Amino acid sequence: MKKNTKFIISYDGSRYYGWEHQPNTDLTIQGKIETVLERMVNHPIELISAGRTDAGVHAKAMVANAILDTDMSEEKIRDYLNHYLPDDIGIEDVKFCAERFHSRYKAVGKTYCYTCYYGSTKPVFDRKYVYVLDKMPDLNAMKEAASILIGEHDFASFCTNGKTKKSTVRIVDLIDIKQKGNYITFTYHGTGFLQHMVRILTGTLLEVGWRQRSVDSIKELLDNPDRKRSGATAPAQGLCLTKVDYN
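Residues numbered from 1 in each chain as written. Predicted model: local features only at pLDDT ≥ 70, side-chain atom pairs only at ≥ 80, totals over all residues. Heavy atoms only, no water.

Draft legend 1. Broad picture of the side chain of His102. For His102, the position within the fold is in the loop between β4 (89–96) and β5 (107–117). Excluding anything up to four places from it in sequence, His102 contacts Ile48, Asn65, Ala107 and Tyr246. (Helix = DSSP H or I, 4+ residues; strand = E, 2+ residues; numbered from the N terminus. Contact = heavy atoms within 4.5 Å.)

Draft legend 2. A look at the packing of helix α1 (residues 29–41) against helix α2 (residues 74–84). At a minimum axis distance of 10 Å, the contact between α1 and α2 shows a crossing angle of 125 degrees. Classified by the angle between their axes, α1 and α2 sit oblique to one another. For the pair α1 and α2, the sense of crossing is right-handed. Judged by residue contacts, Val36, Leu37, Arg39 and Met40 of α1 engage Ile77, Tyr80, Leu81 and Tyr84 from α2. Residues of the contact of α1 with α2, tallied by class, amount to 7 nonpolar, no polar and 1 charged. (Axes fitted to C-alpha atoms, helices over the stretch in contact; angles between N-to-C directions. Parallel < 35°, antiparallel > 145°, perpendicular 65-115°, else oblique. Left-handed = near helix turned anticlockwise from the far one by under 90°. Nonpolar A, V, L, I, M, F, W, Y, C, P; charged D, E, K, R; others polar.)

Draft legend 3. Molecular detail of the nonpolar core. Phe7, Ile9, Phe186 and Leu205 are the most contacted members of the largest nonpolar core, which totals 67 residues. With near-sequence residues (within four places) excluded, Leu205 lies in contact with Met142, Ala145, Ala146, Leu149, Ile175, Ile177, Phe186 and Tyr188. (Core = buried A, V, L, I, M, F, W, Y, C linked by side-chain atoms within 4.5 Å. Buried < 20%, exposed > 50% of the residue type's maximum accessible area, 1.4 Å probe, protein only.)

Draft legend 4. Local environment of the environment of Ile67. Relative to the helices and strands, Ile67 resides in strand β3 (residues 58–69). As a C-alpha pair, Ile67 and Met1 span 66 residues in sequence and 9.8 Å in three-dimensional space. Other than its neighbours up to four places away in sequence, Ile67 contacts Lys2, Lys3, Asn4, His43 and Ile45.

Draft legend 5. A look at the packing of aromatic side chains. Under the counting rule described, the total for this entry stands at 6 aromatic pairs. Ring geometry for Tyr80 and Tyr84: centres 4.7 Å apart, planes at 45 degrees, overall tilted. Pair noted here: Tyr80 and Tyr84 are both in helix α2, with a separation of 4 residues, about one helical turn. Between Lys3 and the ring centre of Phe96, over which it is positioned, the NZ or CZ distance is 4.4 Å. The ring of Tyr84 carries the charged tip of Arg39 above its face, separated from the ring centre by 5.6 Å. (Phe/Tyr/Trp six-rings, centres within 6.5 Å; stacked < 30°, edge-to-face > 60°. Lys NZ or Arg CZ within 6 Å of the ring centre and 35° of its normal.)

Draft legend 6. Main features of unusual backbone geometry. Positive phi, normally seen in glycine, also occurs at His196, with a value near 65 degrees. Tracing the chain through its elements places His196 in the loop between β9 (183–190) and α4 (197–209). Since its relative accessible area comes to 21%, His196 is described here as partly exposed.

Draft legend 7. Quick look at the pairing of strand β1 (residues 2–11). Within β1, 7 of the 10 residues are buried, which leaves the element mostly enclosed by the surrounding structure. Two strands pair when backbone bridges link them, and β1 and β4 are joined in this way by 7 bridges, in the antiparallel orientation. Looking at the pairing, Tyr11 lines up with Ile89 of β4. (Pairing = 2+ DSSP bridges.)

Draft legend 8. Geometry of the pattern of salt bridges. In this structure the tally under the stated criterion is 11 salt bridges. We note a salt bridge from Asp176 to Lys178, for which the minimum N-O separation is 3.5 Å. A residue is classified by how much of its surface remains accessible, and Asp176, at 27% relative accessible area, is partly exposed. As a salt-bridge pair, Arg213 and Glu207 come within 3.0 Å of each other at their nearest N and O atoms. (Salt bridge = Lys/Arg side-chain N within 4 Å of Asp/Glu carboxyl O.)

Draft legend 9. A look at the environment of Lys165. Among the secondary structure elements, Lys165 is positioned in the loop between β7 (151–154) and β8 (169–180). In this structure Lys165 comes out as exposed when scored by relative accessible area, which is 87%. For the pair formed by Lys165 and Leu206, sequence separation is 41 residues and the distance between their alpha carbons is 29 Å.

Laid out in C-alpha cells, this is it:
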C-alpha cells in the first residue's frame, strides 16, 4: 500500500557533498537514504527534503518525505533505516502523513544555528562543528547590526546565486547572538533562506564585530543589494539546521 511518509533526519554533514544528489559521487545525504529505502521497498524512491543543505553543513531535524509502497510499520521503517544507514546519518522519527504533505512546499519557517569558537585552546572534539575564530568579535556591535536585518527585506546581498530569477525577499524574525564560555552562537529563524544566506549573514556580522565594517553598512546592503559588498561566507562546518516549522 502506497503511503506518504515523513522522516525527521539528523546528520553530520562533514564528509558529504551536501543533501542533494551530485554527479560523480554517492556521498550525499539524499543518495544514502534513498539507496537504503529502495532496498527496503524494492521500488524507486524520490526523497523530498525541506531544504538542500550544502557540503559540510549539519542537521539535527531535517524533514523529508517520500511515497513508500510498504506494509511495514513506522517503527520498523525507522529501525531498518538506522540499521543500514552510516553512523553519521540518523532517522529520529518516521510518520505516515497526509497525501498532500510536501516537506518543502508546506514548510513555513526554519531555524538554523551557527556556532563559532574563540579561545586559547583548540576545540578538539568540536572541530568539525564550529568556526574557530582568530580574534574575539564585539557582540554588542553584532547584535546592533543584527537588529537591522530583522523583518522583511531583499536579502540579495546575502545570496551566492546572483542570477536567480526568483524573489530574494525573505522574512527573518530572529537573529539571537549569545556567548557561553568560548562558544558564540548565532540563531536564525525566518520563512526561508537563500543559497548560503545564513553563512553570509554570519560572515558579515562577524566583520561588524571585528570592526572591519560599520553597523550602518548593513542598512546599505539591504537598501542597495550587492553581494560584492557584503561579508565573507562563513565556513560550512559551523552551520546546523535545527528545526523546520509546519502549520
